[in-house]
Structures are given as C-alpha cells and as structure tokens.
Amino acid sequence: MAFSYSPQFFTNFPKYHAPHLKPGEELKDPIDDLKPKCMTSCSAWLSEYNECVARISIRTDGKGNCKGQYEELAQCQDHCIAHEIFGHLK
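Reading the values: the criteria
Residues numbered from 1 in each chain as written. Predicted model: local features only at pLDDT ≥ 70, side-chain atom pairs only at ≥ 80, totals over all residues. Heavy atoms only, no water. Helix = DSSP H or I, 4+ residues; strand = E, 2+ residues; numbered from the N terminus. Buried < 20%, exposed > 50% of the residue type's maximum accessible area, 1.4 Å probe, protein only. Patch = residues over 30% accessible without salt bridge, like charges linked within 9 Å, V, L, I, M, F, W, Y side chains within 5 Å. Areas by Shrake-Rupley, 256 points an atom, 1.4 Å probe, with all protein chains shown as cover. Salt bridge = Lys/Arg side-chain N within 4 Å of Asp/Glu carboxyl O. Lys, Arg positive; Asp, Glu negative; His and termini not counted. Charge placed at Lys NZ, Arg CZ, Asp CG, Glu CD. pLDDT = per-residue confidence, 0-100. Axes fitted to C-alpha atoms, helices over the stretch in contact; angles between N-to-C directions. Parallel < 35°, antiparallel > 145°, perpendicular 65-115°, else oblique. Left-handed = near helix turned anticlockwise from the far one by under 90°. Contact = heavy atoms within 4.5 Å. Nonpolar A, V, L, I, M, F, W, Y, C, P; charged D, E, K, R; others polar.

Asker: Outline the environment of histidine 83, listing residues and values.
Answerer: Locating histidine 83 in the fold gives a position in helix α3 (residues 67–85). On the basis of relative accessible area, histidine 83 is assigned to the exposed category, the value being 60%.

Asker: Tell me what's going on with a negative patch on the surface, and back it up with residues and numbers.
Answerer: Together, Glu48, Glu51, Glu71 and Glu72 give the surface a local cluster of negative charge. Secondary-structure elements contributing two or more residues to the negative patch are α2 (43–58) and α3. Along the chain, the position of glutamate 51 falls in helix α2.

Asker: Account for the confidence of the model for the protein chain, naming residues and giving values.
Answerer: Put simply, the protein chain has an average pLDDT of 84, and 84% of its residues get 70 or more. When mean pLDDT is taken per element in the protein chain, α2 scores highest with 95 and helix α1 (residues 31–41) scores lowest with 90.

Asker: Run through the packing of α2 against α3, naming residues and quoting values.
Answerer: Look at α2 against α3: their axes get within 9 Å of each other, and the N-to-C directions meet at 160°. As far as their axial angle goes, α3 and α2 are roughly antiparallel. Judged by the twist between their axes, the crossing of α2 over α3 is left-handed. Together, Trp45, Leu46, Glu48, Tyr49, Cys52 and Arg55 of α2 and Gln69, Tyr70, Glu72, Leu73 and Cys76 of α3 make up the contact between the two elements. A breakdown of the residues in the contact of α2 with α3 according to their chemical character gives seven nonpolar, one polar and three charged.

In structure tokens form, the structure reads like this:
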C-alpha cells in the first residue's frame, strides 16, 4: 500500500539545537578563523593571482583567465586549513 506525499509532514518538527551550545548561542564555523591565517602562508600564490588579474584586466580582447592561479591559491589555502581544522573538532 502506498501513501501519498503530504506537504504538512515536515512542518511540525522543532528547530534543532546542538546540545553543546547554550540557548541562544550560534554555532561558529572554525574555517572562518583559519582562512585569513592560512592566507598569510599562501601570500606567494595570492600575489601571483593578483598579478594575473591585473594583467587580464588590462587586455581589451577579452581573452585569458586566471583559473590556474586561482586553483593554486585555493589548493594552498585548503592544504593549510586541512592541517589545522581537526584541532577545532570535538
């Protein structure tokens, strides 16, 4: 026997509150604190990306992008965050 879907099914659940937080306290993402700290260790990739953006913005033919430099910067930042994020987990 199949039951039809009722849109009222999910409307009565209470809002989830993490048990380790005090009432009214919001969950804070530790990555927001780690990103600026890791950006300093990736300053060489950041300067290379900014130089590329400056070069591309000068061009008038609309060709070129900085996808490679952005990916290297993101990979450096992810690598740095990955080493430090587990210290923030409970």
